[in-house]
Amino acid sequence: MSVRVLRCADSGVLVEVGGLGRVLALYAALRADPPDGVTDLVPAARTLLLSLDPARADPDAVARAVRAAAGRAGTEAAPGEVFADAPPVRIPVAYDGADLDDVAAHTGLTPREVVAAHTGTPWTVAFCGFSPGFGYLAGGDPCLRVPRRAESRTRVPAGAVALAGEFSGVYPRESPGGWQLVGRTEVATWDLDRDPPALLRPGVRVRFEEAG
Amino acid sequence: MRALEVLASGPFASVQDLGRPGRAELGVGASGAADRGALRLANRLVGNPEGAAAVETTFGGLDVRAVGGGYVAATGAPGPLTVEHGGRVRPVAANTLVRLPDGARLRCGVPDAGLRGYLAVRGGVDVAPVLGSRSTDTMAGIGPDPLRPGVRLPVGAPSGELPAVDYAPVAAPESGTLTLRIVPGPRDDWFTDAALAALTGGPYDVTSDSDRIGMRLSGPRLHRARTDELPSEGMVRGALQVPPSELPTLLLADHPVTGGYPVIAVVVAADADRAAQARPGQRVRFRRSPGAR
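Residues numbered from 1 in each chain as written. Chains lettered and ligands numbered in written order. Predicted model: local features only at pLDDT ≥ 70, side-chain atom pairs only at ≥ 80, totals over all residues. Heavy atoms only, no water.

(A) Expanded view of the nonpolar core. In terms of nonpolar packing, the biggest core is built from 43 residues, with Leu26 and Leu50 of chain A touching the most fellow members. Elements that contribute at least two residues to this core include exactly β2 (12–16), α1 (20–31), β3 (38–43), β4 (47–52), α2 (59–72), β6 (123–128), β7 (135–138) and β9 (160–164) of chain A. A total of 7 residues in this core trace back to one element, the largest contributor, which is α1 of chain A. With residues up to four places along the chain from it excluded, the contact list for leucine 26 of chain A reads Met1, Val3, Val15, Val17, Leu48, Val66, Ala69, Ala70 and Ala73 of chain A. Core analysis: the next-biggest nonpolar cluster, separate from the first, contains 27 residues, Ala74, Leu100, Leu119 and Val155 of chain B among them. (Core = buried A, V, L, I, M, F, W, Y, C linked by side-chain atoms within 4.5 Å. Buried < 20%, exposed > 50% of the residue type's maximum accessible area, 1.4 Å probe, protein only. Helix = DSSP H or I, 4+ residues; strand = E, 2+ residues; numbered from the N terminus. Contact = heavy atoms within 4.5 Å.)

Rendered as structure tokens:
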């Protein structure tokens, strides 16, 4: 696959890959054998960041290794192919989110159809980011694609279940947030007394269910 | 020493080591000391491994009592230091090995320059690690709570010999205008050509809206050439991220793993520690790093 390699001074190499499937394919290729001095791999929707230890890494050598890995990598990968298959997680949701009607209006569905679409297809965690334990769930029903809210909320409660772009997510703790809120769950997605603390780790499959 | 008893924390103090890199898969950032060089130096002075946990202060103000005798060293911008023991108060120097007898009290004043101080104790601060580090990540809410009066910080067993050198000659934290070297990108193409010139033209002032996550700067606005939404992407320490205010935020130790605003330039790693010592009101200038592409 062709990639665009951008530099973050001597602290990182940001690779523009295009789409999530391609990000995961490159991530899989680099994760098994990361270049010298790479301290972290940060996959995201369109990009893969390699964080560097400036004392050990040569960004030019890392960029070469990235291009070589991109040459070897397949063109697309699904989260399930990249990460060990984790047991599926069921997440009961009360679908009373503040943006449910807006999501319905945006998608041309009724609120009931939004709920049916959200619960009808399994999702898989593609990567984490934004805050600890915030998993970006991909692979859901494509008719649920909605933009982020025009105005971010300063406070989104813990357990809020939300949509943005091709992703769904569950806010692990109260935080600011700009995703469209469709419901809420009692399931704790981040618990430091649990090992690992994140419930929604990359590769975990998720089934949302309407809470009874 | 068995413990350090906190009598006062100053405006903000926390336990920091070299953080928890390698956990982005869980959405957890590296965190760790904001001025890593100062932490390493403090640990070397007391004969600890460089990454042992120590206390990071902000604007000084720390006041601690030694429970059991032992050695400490303060580096960075800890403020003027005094030791009180047996009714006598004596000044002690930063960047120096200091012996604290049992019951002695070490006080940090307010630094004249710089922002963050590091107090290492021989044996290291031995609070329980979380996800492999004793650092407080203020953004993620991971690690020990920030220090409060009454907290007792346990001290670990010393590992190596005390070093033969008990004083490190280091430059004092800078007052006046701080010049930081940058490399444009990764998203300089999201800005007008004039924006990069404005960034290096400066100067910028460090605002009081600054913490361990990032330093918000006021100065020339950086206009975008593209106004579409950037899909969130990974962020590095030292990144100059530009939110819709068009004023840059310099990301520090507790920055989130990913961010949704474009990064116009990144401060070179060698200057990231100096950036973490910039205090609100201080002036900062950015210069393109020579030789960088």
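(B) Structural view of the pairing of strand β1 (residues 4–8) of chain A. All names here are of chain A. As paired strands, β1 and β2 are joined by 5 bridges and run antiparallel to one another. Each residue of the ladder has a partner; that of leucine 6, found in β2, is leucine 14. Linking β1 to β2, which pair antiparallel, is a turn of 3 residues; within it alanine 9 sits at a positive phi near 45°. (Pairing = 2+ DSSP bridges.)

(C) Summary view of the pattern of salt bridges. Scanning the model with the defined rule gives 31 salt bridges over all chains in all. Aspartate 53 of chain A is the salt-bridge partner of arginine 56 of chain A, the closest N and O atoms lying 3.2 Å from each other. One salt bridge in this structure joins glutamate 56 of chain B and arginine 212 of chain B, with 2.9 Å as the shortest N-O distance. Within this pair, whereas glutamate 56 of chain B is found in strand β3 (residues 54–58), its partner arginine 212 of chain B is found in the loop between β13 (204–210) and β14 (214–218), the two being separated by 156 residues in sequence. (Salt bridge = Lys/Arg side-chain N within 4 Å of Asp/Glu carboxyl O.)

(D) How the structure looks around the environment of valine 206 of chain B. Residues and elements named next belong to chain B. Along the polypeptide, valine 206 turns up in strand β13. According to the relative accessible area criterion, valine 206 is buried, its value standing at 4%. In sequence terms valine 206 and arginine 283 are 77 residues apart; their C-alpha atoms lie 6.3 Å from each other. Excluding its chain neighbours within four sequence positions, the residues that come into contact with valine 206 are Met215, Arg216, Leu217, Ala278, Arg279, Pro280, Gly281, Gln282 and Val284.

(E) Spatial organisation of the interface of chain B and chain A. Listed as interface residues are 37 residues of chain B and, on the opposing side, 39 residues of chain A. Taking both sides of the interface into account, the surface hidden between chain B and chain A amounts to around 2,800 Å²; carbon and sulfur atoms contribute 57%. The interface formed by chain B and chain A includes 3 salt bridges. Linking chain B with chain A are 13 residue pairs in polar contact (both at pLDDT 80 or more). Sorting the residues of the side of chain B that touches chain A by element identifies β12 (178–184), β15 (233–234) and β19 (263–267) of chain B as the ones contributing at least two each. (Buried area = accessible area lost by both parts, 1.4 Å probe. Polar contact = N/O pair within 3.5 Å; in protein donor to acceptor, adjacent residues only side chain to side chain.)

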